[in-house]
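Coordinate inspection notes
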Amino acid sequence: MMKAPHYPSKILMTADTVGSVWTYALELTRAMAQHGTEVALATMGAPMNEEQREEAAQIGNLTVYESEYKLEWMDNPWEDVEQAGEWLLKLRDEVQPDLIHLNGLAHGSLDWGKPVLMVVHSCVLSWWRAVKNEEAPKAWKRYSDMVRQGLQAADVVVAPTQAMMHQAEELYGPFNQSAVVYNGRGQHHFQFGRKEPFVFSLGRVWDEAKNISMLAHIASDLRWPVYIAGEGRHPATGEIVELENVHFLGQLTNEEVSDWLSRASIYALPAKYEPFGLTVLEAAMSGCALVVGKTESQAEVWGNAARYVDPRSADELRDTISKLIDDEFGRNIMACRAVKRSHGFTADQMAQDYSHLYGQLIKAPATVY
């Protein structure tokens with residue numbers, strides 16, 4: 001006699017629509033379909049855009065419940081956070097899920113009456129340490145207290161890397177139970193095309209953590225052009241900085257990103273803070289040679305399949321990219337390593353790991369004779 005895994009029939013999951021958690025949530029939902037699991041996805045942060053609506057509509061086991069409540073890291077969010085909590089508890093009553101999967105950090109301590117899994121994709125306090133090289137100001141104490149209370153109330157806390165888990169435990173622990181589940185993507189979204197002589201990056205140019213501005217400022221010293229996809233206008237000034245040898249592509253669709261990645265020879269993201277990095281995984285699946293910021297999380301994920309740079313050294317970034325540009329053989333080796341390494345981070349593997357945790361939480365294994 002053996003025990004078969006018991007998959008939840010329905011999950012209530014939260015996700016914001018303004019970052020990569022959206023991509024993660026949909027990828028996990030798609031992969032959970034093979035286990036017969038329905039996902040009710042409660043969105044917050046901003047209205048879904050047209051592409052997000054279309055993408056969600058194509059997933060058969062997904063039902064979206066949309067809101068525009070502020071996220072806990074936004075300006076003056078607390079009234080919204082409280083109202084969102086009331087809304088989520090009403091959704092729980094309506095949906096009747098087997099468990100709660102929280103991808104935000106604001107609602108872990110609600111009276112859920114169901115098993116709760118909470119994922120620390122990132123957090124303000126660890127962001128501040130990595131990006132500002134100092135502790136977060138006292139103005140973040142309410143945020144810190146709320147996150148700590150929620151994470152300690154959750155039945156299991158998940159992080160996308162061991163490095164992120166260590167930071168979360170140090171900042172907010174101890175937790176009832178913890179687990180590392182690496183993020184994953186479906187390989188079918190990406191293709192290894194004929195490579196062309198350019199450097200590509202993806203993200204908001206003004207984002208201090210992603211540090212793409214450093215790439216933009218050394219672009220004039222590179223022999224190849226640099227293409228940057230993502231929001232180029234600064235949210236405060238509305239300006240786009242014009243820089244030599246840099247081509248800002250603006251917001252691209254998923255298909256357009258996949259096309260650019262398939263043709264890019266080098267993907268560069270000299271991030272100061274990147275607890276996992278879905279865009280780097282997408283670039284690896286597309287056969288790009290990777291140049292990334294040297295952080296504990298990135299080194300954990302990519303091992304010898306990436307070239308690492310000090311995210312505070314423009315000279316190091318310029319020299320590392322230039323060497324790859326000049327060394328086709330070395331570049332091809334790094335691309336092959338990236339592709340091979342990416343095979344360990346698939347959506348199916350991610351779903352399998354979460355299914356194991358879900359099964360432990362609902363503690364009702366079926367028996368197979």
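Placed above this text is the structure.
Because the structure is predicted, anything quoted here is derived from the model rather than measured.

1. Thoughts on the state of the cysteines
Applying the stated rule across the entire model yields 0 disulfides. Here Cys 288 stays free of any disulfide, with the sulfur of Cys 336 as its closest cysteine sulfur at 12 Å.

2. Overview of the packing of aromatic side chains
For the structure on display, the rule yields 14 aromatic pairs. On the numbers, 6.2 Å between centres and 55° between planes, the contact of Phe 200 with Tyr 267 is tilted. Taken together, the residues span a long stretch of sequence, with Phe 200 in strand S9 (residues 196-202) and Tyr 267 in strand S12 (residues 264-269) at a distance of 67 residues. Relative accessible area serves as the criterion here: at 0%, Phe 200 is assigned to the buried category. When its relative accessible area of 0% is taken as the criterion, Tyr 267 is described as buried. Residues Phe 276 and Phe 345 carry aromatic rings whose centres are separated by 5.7 Å and whose planes lie at 80° to one another, so their mutual orientation is edge-to-face. Placement of Phe 276 in the loop between S12 and helix H9 (278-285) and of Phe 345 in the loop between helix H12 (328-342) and helix H13 (347-362) is noted, with a sequence separation of 69 residues between them. Ring pairs connect the aromatic residues Phe 198, Phe 200, Tyr 227, Trp 260 and Tyr 267, which therefore count as one cluster. Seen from the ring of Trp 128, Lys 132 lies directly overhead, with NZ or CZ sitting 5.7 Å from the centre. Positioned over the ring face of Trp 260 is Arg 263, at 4.6 Å from the centre of the ring.

3. Concerning the pattern of salt bridges
With the rule as written, the count across this model stands at 18 salt bridges. Note that Asp 207 is salt-bridged to Arg 204, the shortest N-O span being 3.5 Å. Asp 207 gets classed as buried once you look at its relative accessible area, which sits at 12%. In this structure, Asp 315 and Arg 318 form a salt bridge, with 3.1 Å as the shortest nitrogen-oxygen distance. Taken together, the residues span about one helical turn, with Asp 315 and Arg 318 both in helix H11 (residues 314-326) at a distance of 3 residues.

Cut-off values and rules
- Sequence order as written defines residue numbering, which begins from 1 separately in each chain.
- Totals for whole chains, interfaces and linings use all residues, but because this is a predicted model, local features are given only for residues with pLDDT of at least 70 and pairs of side-chain atoms are given and counted only at 80 or more.
- Side-chain calculation: all heavy atoms of the structure are included, whereas hydrogens and water are not.
- We call a pair of cysteine sulfur atoms a disulfide whenever their separation is within 2.5 Å.
- Two rings from Phe, Tyr or Trp (for Trp, the six-membered ring) form a pair when their centres are within 6.5 Å of each other. A pair whose planes differ by under 30 degrees is stacked, one over 60 is edge-to-face, and the rest are tilted.
- Comment: elements are numbered from the N terminus, with helices defined as DSSP H or I runs of at least four residues and strands as E runs of at least two.
- Type-normalised accessible area, obtained with a 1.4 Å probe on protein chains alone, sets the label of each residue: buried when under 20%, exposed when over 50%, and partly exposed for intermediate values.
- Here, over-ring charges are defined by two tests on the NZ atom of lysine or the CZ atom of arginine: distance to the ring centre within 6 Å, and angle to the ring normal within 35 degrees.
- By definition here, a salt bridge exists when the distance from a side-chain nitrogen of Lys or Arg to a carboxyl oxygen of Asp or Glu is within 4 Å.

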